[in-house]
Structures are given as C-alpha cells and as structure tokens.
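Commentary on secondary and tertiary structure
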Amino acid sequence: MTVALDLPALARQIREARGVAHKRDIDAVITRLGLGSRHDAIPVGDDCAAIPDGDGHLLFAIEGFLDGFVAADPYFAGYCGIMVNLSDVAAMGGRPLAVVDALWSRDAAATDPILAGLSDAAALYGVPVVGGHTNTRATSGALAVAVLGRAGGRLLTSFDAAPGDDLIAAIDLRGRFREPHPYWDASTGAPGERLRGDLSLLPGIAEDGLAAAAKDISMAGVVGTALMLLECSQVGGVIDLAAIPRPAPVPLARWLSAFPSFGFLLSVRPDRTPAVLARFAERGIASAPIGRLDASRVARVRSAAGEEAVVWDFAAGPLIGCGRDAGPDA
C-alpha cells in the first residue's frame, strides 16, 4: 500500500533539520562582520573564497567538524577533512593544491585514527597535507581542515543561478550509510583514480562553459543546500522530490537530510542540460534535473502527485544572509 506524502510536514522537517539550523548560524556572523553583499570583491556564501589571482582564482576554504562526530567516528572524521574540502573546491570549478589541519585531542593515542583518515584520504585523492596545528593535551577533541585550490577564469558560484535554469542534482549512489549517522559513504574503499576523475567533472563543466552556478551538497541535505544556492542568487524555484537521485531502499525523509560523499547541485541552462547529464552518466554517477528556477525568491517542493509546499520565502527573512545587493542592511 502506498503511503501518502505529508508534504507540509516534510517541508517543516527540512526547515528545522539540524544541518539547516547550523547554516542559519552563518547569518549572524555575516551581519556582525559586515559581509553578505553579492557585489563584494570576494562575496561570502560560496563553497570557497574565490580570490582573483592572475588569469584565474585561488580557492580557499575550511571545514570544522562537530566534536560528537569526531568522537563517534574518528577515522571517517579525518577522512572527511580531506573529502569535503575537495568537494568545496570542485563545486567552484577548481582543483585542489594542498590542505592543512588543526587537531586537538586529549592525548596522542586519540589522534591516531583521525590522522589515519586524513592520510588515507590524502593518498586516495592525490592532495598533500602540508602542515597545520596539533595539540594533544587538550581537554576535549576538535578537528578543522582547510584547503587551497585553484580555478581558471570561469567559476561555478552560488551567485549565478538564473530564472529559467534547470536545477540538476548529481549524486554518487554507490555507497552505504555509516550507521546510525546521516553520512552516505561513497568514497572509502573506492579506487583513488575513480575518485579523482569524478571530482574533475566539475572543473571540466566550468571550463567548457556548461554551467555557471553550483554548490556542494552539505549536511543541510539536497533541499537545504538548494536553499542556500537560491538565496545567494536571489531566485526561487520548485524542487521535484520524486526526481532527486536516491538509493532505492532509502526512505525519502532520511535521504533529504543525508550528507552524500559526492553530491552537487548545478544550475544549468536547459539547452546545456543534456551535455551535463551525459558527463555524469559516463562516470556512473546518478544525475537528473530536479527542478526549475524562477524569479519568485520562494523555494518550494513538489510531490509526485503535483502538490506543492513552501520551504522558504526569502523575502520574509534570510537563511544564511548572503546575496544582498548592497550589504547586510540592504
């Protein structure tokens, strides 16, 4: 028997999800620092800070990890220190140069699985760890990892999605959950050559002019990440929940709050959509148009039956506070 989808409840679940709540913390920081305009020399809200450098850009980003995650799965936390940073670089059409880490722990033994994860991921993805900061006499554990990358003149940004674009989701479904957590692991155990080739799809798409806007799917999930992309670009749109690539056994509600190892959203002109989908298909990565963007500045979700529910109305209030026309008070 098919169970009817409670779309308003699902929209509320997305808004109130822990990953989205963490993203909402960004607004207060952006406001306090006087940032948030899409016209800043280096606008805040992208997956990396894109710093003009000659005929291209340096890409600079950092990821911090929840202490509970580090304590529960220290190896994967270290591994993610590399993996998620490289996804941020790829999401902007770049390639990584190097990473550094900052690590606190109670003693040297507690650092070993974290460092093992960092080391293994660095080898698989072919990016060096070139330094960092270590404290093995802290009262609690913490981990942060930063990345430096480089992109050419054509970036994928969070600010260039446009009304009429297709919203494409590309997700590697060849994985499994690291139970009981919402982390879909499609990376550990995969060949390094494949992992590196998969990430290179994004800079290839940027360099060939097939898309101008993209975002790495974060702990906010597919729809939560879409909210940030729409906000920064000052657009709205509808997301077809049934079209989101999803492993067959995984319930929709769980998948919408999952963090995929390889997952990206791209805003693409419809005439370029077939070419973008073909590139992911060639590497065995599931991709599909999951919605169409418009000028409404309202993000909605749609069920297979055609019912719609509002997830966020950006005219009523910000999510992360990026994309303003002239600064945080505009």
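Described in the following lines is the structure provided in the data block. Note that this is a predicted model, so its numbers are computed, not measured.

Cut-offs used in this document
Residues numbered from 1 in each chain as written. Predicted model: local features only at pLDDT ≥ 70, side-chain atom pairs only at ≥ 80, totals over all residues. Heavy atoms only, no water. Pairing = 2+ DSSP bridges. Helix = DSSP H or I, 4+ residues; strand = E, 2+ residues; numbered from the N terminus. Contact = heavy atoms within 4.5 Å. Phe/Tyr/Trp six-rings, centres within 6.5 Å; stacked < 30°, edge-to-face > 60°. Buried < 20%, exposed > 50% of the residue type's maximum accessible area, 1.4 Å probe, protein only. Lys NZ or Arg CZ within 6 Å of the ring centre and 35° of its normal. Salt bridge = Lys/Arg side-chain N within 4 Å of Asp/Glu carboxyl O. Expected span 1.5 Å × (residues − 1). Polar contact = N/O pair within 3.5 Å; in protein donor to acceptor, adjacent residues only side chain to side chain. Disulfide = S-S within 2.5 Å.

Let's talk about the sheet that holds strand S8 (residues 183–185)
If you walk across this open sheet you meet the three strands as S7-S8-S11, and the pairing is mixed. Each end of this open sheet is capped by a strand with a single partner; those strands are strand S7 (176–177) and strand S11 (259–260). As defined by bridge partners, S8 adjoins S11 across two bridges and the pair is classed as parallel. By the bridge assignment for S11, Trp184 is matched with Pro260.

Observations concerning the environment of Val298
Among the structural elements, Val298 can be located in strand S14 (residues 298–302). Residues Val298 and Val235 lie 63 residues apart in sequence; the distance between their C-alpha atoms is 7.3 Å. Look past the residues within four positions of Val298 in its chain and what remains in contact with it is Gly236, Gly237, Val310, Trp312 and Asp313.

Describing the packing of aromatic side chains
Evaluation of the coordinates by the stated rule reveals 11 aromatic pairs. Both rings, one in Phe69 and one in Phe76, keep their centres 6.3 Å apart while their planes meet at 75°; by these two values the pair is edge-to-face. Centre to centre, the rings of Phe69 and Tyr183 are 4.6 Å apart; their planes meet at 50°, and the pair counts as tilted. Of the two residues, Phe69 sits in helix H3 (residues 67–72) while Tyr183 sits in strand S8, which places them 114 residues apart along the sequence. Take Phe69: its relative accessible area is 8%, and that puts it in the buried class. Through successive ring pairs, a cluster of aromatic residues spans Phe65, Phe69, Tyr75, Phe76, Tyr79, Tyr125 and Tyr183. A cation over a ring is seen here: Arg254 above Phe177, with NZ or CZ 3.8 Å from the ring centre.

Here we look at the pattern of salt bridges
Under the counting rule described, the total for this entry stands at 19 salt bridges. Salt-bridge contacts for Arg269 lead to Asp165; the nearest nitrogen and oxygen are separated by 2.5 Å. Note that Arg269 is positioned in the loop between strand S12 (263–268) and helix H10 (273–282) and Asp165 in the loop between strand S5 (142–151) and strand S6 (166–171), a separation of 104 residues in sequence. Judged by its relative accessible area of 34%, Arg269 falls in the partly exposed class. Residue Glu308 pairs with Arg300 through a salt bridge whose shortest N-O separation is 3.7 Å. Note on Arg300: relative accessible area 17%, which makes it buried. Look at the salt bridges and you will find they share partners, linking Asp172, Arg174, Arg194, Asp198 and Arg283 into a network.

Overview of helix H5 (residues 108–125)
In this model, H5 (18 residues) spans 26 Å end to end at C-alpha, consistent with the 26 Å of a helix rising 1.5 Å per residue. All buried positions along H5 are accounted for by Thr111, Ile114, Gly117, Leu118, Ala121, Ala122 and Tyr125. Backbone nitrogen of Ala109 and a side-chain oxygen of the N-cap are separated by 3.1 Å at the start of H5; the cap is Asp107. The first or second residue beyond H5 is Gly126, which carries a positive phi of 70°.

So, the state of the cysteines
What the rule picks out here adds up to one disulfide. Two residues, Cys232 and Cys322, share a disulfide whose sulfurs are 2.0 Å apart. Its torsion about the S-S bond being -105°, the disulfide of Cys232 and Cys322 is classed as left-handed. Of this pair, Cys232 sits in helix H8 (residues 221–233) while Cys322 is found in the segment after strand S15 (308–313), placing the two residues 90 residues apart along the sequence. Of the cysteine sulfurs around Cys48, a residue in no disulfide, the closest is that of Cys232, at 13 Å. In this structure Cys80 is a free cysteine whose sulfur lies 16 Å from that of Cys48, the closest cysteine sulfur available.

Here's the deal with the pairing of S6
When you tally the buried positions in S6, you get six out of six residues, the bulk of the element. Residues of S6 alternate between two faces, with Asp166, Ile168 and Ala170 on one and Leu167, Ala169 and Ile171 on the opposite face, all of them buried. Taken together, the six bridges between S6 and S12 define a ladder with antiparallel strand orientation. Counterpart to Leu167 in the pairing with S12 is Ser267.

Points about the side chain of Ser87
With respect to the helices and strands, Ser87 occurs in helix H4 (residues 74–91). Apart from the residues within four sequence positions on either side, Ser87 is in contact with Leu199, Asp216, Ser261 and Phe264.

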